[in-house]
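Here is how the chains run, residue by residue.
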Amino acid sequence: MSRILVVEDEAAISELISLNLRHAGFEVELAASAEQAQLAVDGALPDLVLLDWMLPGQSGLALARQWRAAARTRDLPIIMLTARADEADKVGGLDAGADDYLTKPFGIGELLARIRSVLRRRAPQALDSVVEVDGLRLDPGTRRVSRGGTEVRVGPTEFRLLHFFLTHPERVHSRSQLLDRVWGDHVFIEERTVDVHVKRLREALAPVHCAGMIETVRGAGYRLAQAGALSK
Ligand code: CA
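Residues numbered from 1 in each chain as written. Predicted model: local features only at pLDDT ≥ 70, side-chain atom pairs only at ≥ 80, totals over all residues. Heavy atoms only, no water.

Asker: Explanation requested: the overall build of the protein chain in the structure shown.
Answerer: Each helix and strand in the protein chain was counted, giving 9 helices and 11 strands. Computed over its C-alpha atoms, the radius of gyration of the protein chain comes to 19 Å, within 12% of the 17 Å expected for a compact globule of 232 residues. Projected onto its principal axes, the C-alpha positions of the protein chain cover 55 × 35 × 35 Å. The proportion of buried residues among the 232 residues of the protein chain is 46%. In the protein chain, the proportion of contacts linking residues at least 24 apart, taken out of those at least 6 apart, comes to 57%. Carbon and sulfur atoms make up 51% of the accessible area of the protein chain, which totals about 11,500 Å². Treating the 30 positive side-chain charges of the protein chain as one cloud and the 32 negative ones as another, the clouds have centres 7 Å apart. (Helix = DSSP H or I, 4+ residues; strand = E, 2+ residues; numbered from the N terminus. Rg over C-alpha atoms; globule rule 2.2 N^0.38 Å. Buried < 20%, exposed > 50% of the residue type's maximum accessible area, 1.4 Å probe, protein only. Contact = heavy atoms within 4.5 Å. Areas by Shrake-Rupley, 256 points an atom, 1.4 Å probe, with all protein chains shown as cover. Lys, Arg positive; Asp, Glu negative; His and termini not counted. Charge placed at Lys NZ, Arg CZ, Asp CG, Glu CD.)

Dropping the structure here:
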């Protein structure tokens, strides 16, 4: 399930948004200020942030800039919400690193469409689309993994880990990044936990000859390698 952080100081608006997002199947966390939003993100990275521009204290725009400048939050998908409609402000929001921009008042249908579009581009592991790499197929809807008709049995953590790898192939992920993106907790879980689950995942993939897809990158972390990429 995708987690969305809603940063909005007007209670009526944040309640309306969160009600509709929950109804659409998202898990929602609320923050009423930039400070609260930073605390929430420090705890666990959400899949996407709806960020109001005008907040008490630090503005949403400044917070977006701050997140884009930090390694851990550089890729956090952000949709800015604002009452300002003029062109210069939109440019400012996009310059600050927002992935999209929505001007209040907006319809819930449009909000959901924008969220799905940004997730598709920036966080495909947060959506329920089937992913397939080199014949290894993962279906989040049915929670099934298979290759060439052979079902692969994986535990829930290995499933999420494989989903993340398959939606971000060829990129090296550090243990800390994996804890953040797969476990949603980079503070209280030991990095060795990642190694344990990678080992289990490789064991599960061995019968369909895919164990080698999960590569260890010395001193850096793990990467899912595509056969096509290996031969290049
Ligand atoms: Ca506001």
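Asker: Just to check I follow, could you spell out the sheet that holds strand S1 (residues 3–7) for this structure?
Answerer: Think of a sheet as strands paired side by side through backbone hydrogen bonds, with each pair either parallel or antiparallel. Reading across the sheet, the 5 strands line up as S2-S1-S3-S4-S5 and stay open at both edges, with parallel pairing between neighbours. The open sheet has two free edges, formed respectively by strand S2 (27–31) and strand S5 (100–103), since each of these has just one partner strand. Pairs of neighbouring strands in the sheet enclose a mean axial angle of 20°, with direction left out of account. Looking at chain direction, strand S3 (residues 48–52) and strand S4 (residues 78–82) are connected through 4 bridges and run parallel. Bridge pairing links Leu-51 to Met-80 in S4. Of the strands in this sheet, S1, S3, S4 and S5 touch helix H5 (residues 108–122), which is tilted by about 175° from S5. (Pairing = 2+ DSSP bridges. Axes fitted to C-alpha atoms, helices over the stretch in contact; angles between N-to-C directions.)

Asker: For this particular structure, what's the right way to read the coordination of the calcium ion?
Answerer: Within the protein, the atoms that donate to the calcium ion are Asp-9 (OD), Asp-52 (OD) and Met-54 (O), at distances of 2.1 to 2.3 Å. Sequence positions of the residues that donate to the calcium ion give the spacing D-x42-D-x1-M. For Asp-52, a relative accessible area of 2% translates into the label buried. Judged by relative accessible area, which is 48%, Met-54 ranks as partly exposed. (Donors = N, O, S within 2.8 Å, 3.2 Å for Na, K, Ca; no water.)

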